[in-house]
Amino acid sequence: PGRAKRLRVSQLFQPLNLQAGGEAGWDGRAAEPLCRSQKLMLQGGLIHPAGPGCYCYLPPTVRAMEKLVKVMDEEMQAVGGQKVNMPSLSSAELWRASGRWDRMGPELFRLADRHGKGYCLGPTHEEAVTELVAAQSNLSYKQLPLRLYQVTRKFRDEPKPRFGLLRSREFYMKDMYTFDTSEEAARQTYDLVCDAYRSLFHRLGLPFVKVRAATGSIGGTMSHEFQLPADVGEDRLVLCPHGHFAANVETLNREQTPCPTCGEKLTQTRGIEVGHTFYLGTKYSSVSNAVFYSPENKLQLAEMGCYGLGVTRILAASIEVLSTEDSIRWPSLIAPYQLCFIPPKSGSKEEEEEGAALLEQVYDDLAEALPHLAGDSVLDDRTQLTIGKRLKDAKKLGYPYVVIAGKRVCEDPPVFEVWNQNAGEVLFLTKEGVIELLSKVQVP
């Protein structure tokens, strides 16, 4: 009792298909090209297709997602965010009032209940949150700024879902909606949330760019996207080599070649959009009459902003940009498991010399010394396989650290082989050395 139960690879629900190539037909459709993240996530038993643009997320993916949401919670709460949860079913009346019921076209999943009342499955929640705030009839300027956010499933009837979680019809998004007393205050909030997004991507170690963007169906007067440069990205970006200017091509009236600040030629690249920010002004608050009492006791419309981060898209995009062709690399902060322990092959000399017991002792001592890593370690108990085969699997699945009871486990004191995947190095350490190395590992 009190000991952490060892997690064994043989008992994890992660149906590996590591031998499978990237041939088409994974989704039951012919010859759809697969991008790197989609192929690696399907092969690694991270996702399972359930229909066009819909996936089952398997336990390791859910673990990574929960860690990512924890990091988002920290960043959102640092800027005064309060978490809410709004229904996926959104009334057609609300959307008609804002004009988006028609403007969104076939992208909205629409349905009627048994009484013939119209609804959509929310792709985003501007109308719903504004209605929520408008219902607070005596809101005072002293209660603003109000920064409400949620992490929920969103739905978009993509005409051509592709690339796994990068463009799916059902996905998770973190969306924040802010209410301020003035345009100036709303713009300060805008900068604050953009800084929180920067902090998030820095913590994940992802190479992002913030670019000027179109406001699209959400509207407002100012908008930026956070993009991860990647060949499979669907957005075309232009960037100043010195960082003075960055924009999504769709915002430019014509192909802009020189940077407006320094005159250098702009370079073109492609990107995956992982975050989007909008300054909305009173576009939605004026429709729902979301008002507050000013210091002069006059009713005033709240100035709004909205801010989205694609949770499942960040997971897939990070695998896309960090991984090699055949091995997943996670942002180490959100890897499903930080550690994989590989005991000797059954019947080997190392096993006869108590190598497995020594390795399990390291597992238990580590869980005791570093309790935050207790649930983040797995033991690859498939001892009918060679160490080399299991190490190859571990590399493909992207555990940041792999600890092996190899040839030197028979020395006195026993020495373990430790692969630090993200640094690409192999260390030979005693049990104390292993614990010291892993004491620096962060988990959210």
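Residues numbered from 1 in each chain as written. Predicted model: local features only at pLDDT ≥ 70, side-chain atom pairs only at ≥ 80, totals over all residues. Heavy atoms only, no water.

The condition is simple: UniProt positions are given in the numbering used here, feature names are shortened, and annotations may be inferred rather than shown by experiment.
Looking at an unreviewed UniProt entry, the protein carries the name Probable proline--tRNA ligase, mitochondrial, with the source organism given as Nyctibius grandis. Quoted verbatim from the Sequence similarities (unreviewed entry) field of UniProt, the annotation for the protein is "Belongs to the class-II aminoacyl-tRNA synthetase family." Entered under Subcellular location (unreviewed entry) in the UniProt record, the comment concerning the protein runs "Mitochondrion matrix".

1. Concerning the domain arrangement of the protein
Short version of the rule: All the domain ranges listed were derived from an automatic or database domain assignment.
In terms of domains, the protein is made up of domain 1 (36-322) and domain 2 (337-439). Between the C-alpha centres of domain 1 and domain 2 there is a distance of 41 Å.

2. Looking at the side chain of Gln421
Our working rule: Labels follow the DSSP assignment, with helices taken as runs of H or I lasting at least four residues and strands as runs of E lasting at least two, numbered in each case from the N terminus. Contacts are assigned to residue pairs with any non-hydrogen atoms lying within 4.5 Å of each other.
Of note, Gln421 is situated in the loop between strand S21 (416-420) and strand S22 (425-429). Ignoring anything within four residues of it in the chain, the contact list for Gln421 reads Arg329, Ala394, Lys395, Tyr399, Pro400 and Val402.

3. Quick look at the sheet that holds strand S19 (residues 377-379)
Adjacent strands of a sheet form backbone hydrogen bonds with each other and so pair up, either parallel or antiparallel. Heads up, the rule is: Any two strands between which DSSP finds at least two bridges are classified as paired. To get an axis, a line is fitted to the C-alpha atoms, and for a helix only the part in contact is used. The angle between two axes follows their N-to-C directions and goes from 0 to 180 degrees.
Taken in spatial order, the 6 strands line up as S1-S19-S18-S20-S21-S22 in an open sheet, and their pairing is mixed. Each having just a single partner strand, strand S1 (7-8) and S22 make up the two edges of the open sheet. The pairing of strand S18 (residues 339-342) with S19 spans 3 bridges and is parallel. Note that in S19 the partner of Cys340 across the bridge is Val378. The sheet strands contacting helix H12 (residues 431-438) are S18, strand S20 (401-404), S21 and S22, and the helix crosses S22 at an angle near 135 degrees.

4. Considerations on the pairing of S22
Across 5 bridges, S21 lies against S22 in antiparallel orientation. For Glu417, the partnering residue across the bridge sits in S22 and is Phe428. Counted between consecutive antiparallel strands, the loop separating S21 from S22 contains 4 residues, among which Gly424 sits at a positive phi close to 65 degrees.

5. Focus on unusual backbone geometry
Backbone torsion omega between Leu144 and Pro145 reads 5 degrees, so that peptide bond is classified as cis. Looking at the secondary structure, you find Pro145 in the loop between helix H5 (126-134) and strand S8 (146-155). Cis rather than trans, the peptide bond between Asp412 and Pro413 has omega equal to 0 degrees. The backbone of Asn297 sits at a positive phi, close to 65 degrees, despite the residue not being glycine. Along the chain, Asn297 falls in the loop between strand S15 (291-293) and strand S16 (299-301). Even without being a glycine, Glu354 presents a positive backbone phi close to 70 degrees. Summarising the element assignment, Glu354 is placed in the loop between helix H9 (349-352) and helix H10 (355-369).

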